[in-house]
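The primary structure of each chain is shown beneath.
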Amino acid sequence: MTKTFVQSTDDVVKFLKDQHNLIKDLFEEVFSASTAEAREKAFVELRQLLAVHETAEEMVVHPRVRREVTDGDEIVDARLHEEHAAKVQLSKLEDMDVDSDAFLTELTKFREAVIDHAEHEEHEEFDKLHRKLDADELERMVKAVQAAEAIAPTRPHPGVESAGLNFAVGPFASMLDRARDLIAAAMR
């Protein structure tokens, strides 16, 4: 499992923005890898981080935005639509040969969509939450996000974008994903 550690653990907005930066760095690692093995390793780390990060946002952040932010339902619904599309794309990438030109072409499109999505989250959700919540609430949300990430699936599951579905299906999917990850790592 990739390390999702980031420096800021006292403010959920800073924590998630730091993870967005880590995701961008992992994309660069995938693109700049000099061997297929290095590209595969970087891609697995990227996939795992994206999966746990999005699950935590779906379980913790989006519900809070719905309650706290003006037009929160519309904002979150748009992000969930993007997250569904990203999970579909990521699933497709998982099945591709990381050493192929087709993989790099699809990954380029995927990176653009992920970065666009992250910018929407930062401006339409995170910054607004930051203005609404006090320091204690922001810190409590970091702990909730970290707890959600600890039990989140490590692979994309298109169709599981709501908090309710993540709570119902997520722990089972997480157990299966983590078992698949361990077996795949042992087979390398």
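Described below are features of the structure shown in this document. (Residues numbered from 1 in each chain as written. Predicted model: local features only at pLDDT ≥ 70, side-chain atom pairs only at ≥ 80, totals over all residues. Heavy atoms only, no water.)

### Focus on the nonpolar core
Stage number 1. Within the largest apolar cluster, 21 residues are counted, with the highest numbers of intra-cluster contacts made by Val 12, Leu 16, Val 61, Leu 129, Met 141 and Val 145.
Stage number 2. Apart from residues lying up to four places away in sequence, Leu 129 is in contact with Val 61, Arg 64, Val 65, Glu 68, Val 69, Leu 138 and Met 141.
Stage number 3. In terms of nonpolar packing, the next biggest core, distinct from the first, is built from 18 residues, Phe 27, Leu 49, Phe 110 and Ala 152 among them. (Core = buried A, V, L, I, M, F, W, Y, C linked by side-chain atoms within 4.5 Å. Buried < 20%, exposed > 50% of the residue type's maximum accessible area, 1.4 Å probe, protein only. Contact = heavy atoms within 4.5 Å.)

### Brief notes about the pattern of salt bridges
Stage number 1. Evaluated as defined, the whole model comprises 16 salt bridges.
Stage number 2. For Glu 94, the salt bridge identified is with Arg 47, shortest N-O distance 3.2 Å. Of this pair, Glu 94 sits in helix 3 (residues 72–94) while Arg 47 sits in helix 2 (residues 36–68); the two residues are 47 residues apart in sequence, bridging distant segments of the chain.
Stage number 3. Taking the relative accessible area as the measure of exposure, Arg 47 reaches 4% and is therefore buried.
Stage number 4. Each of Arg 64, Glu 68 and Glu 137 takes part in salt bridges that share partners, so that together they form one network. (Salt bridge = Lys/Arg side-chain N within 4 Å of Asp/Glu carboxyl O. Helix = DSSP H or I, 4+ residues; strand = E, 2+ residues; numbered from the N terminus.)

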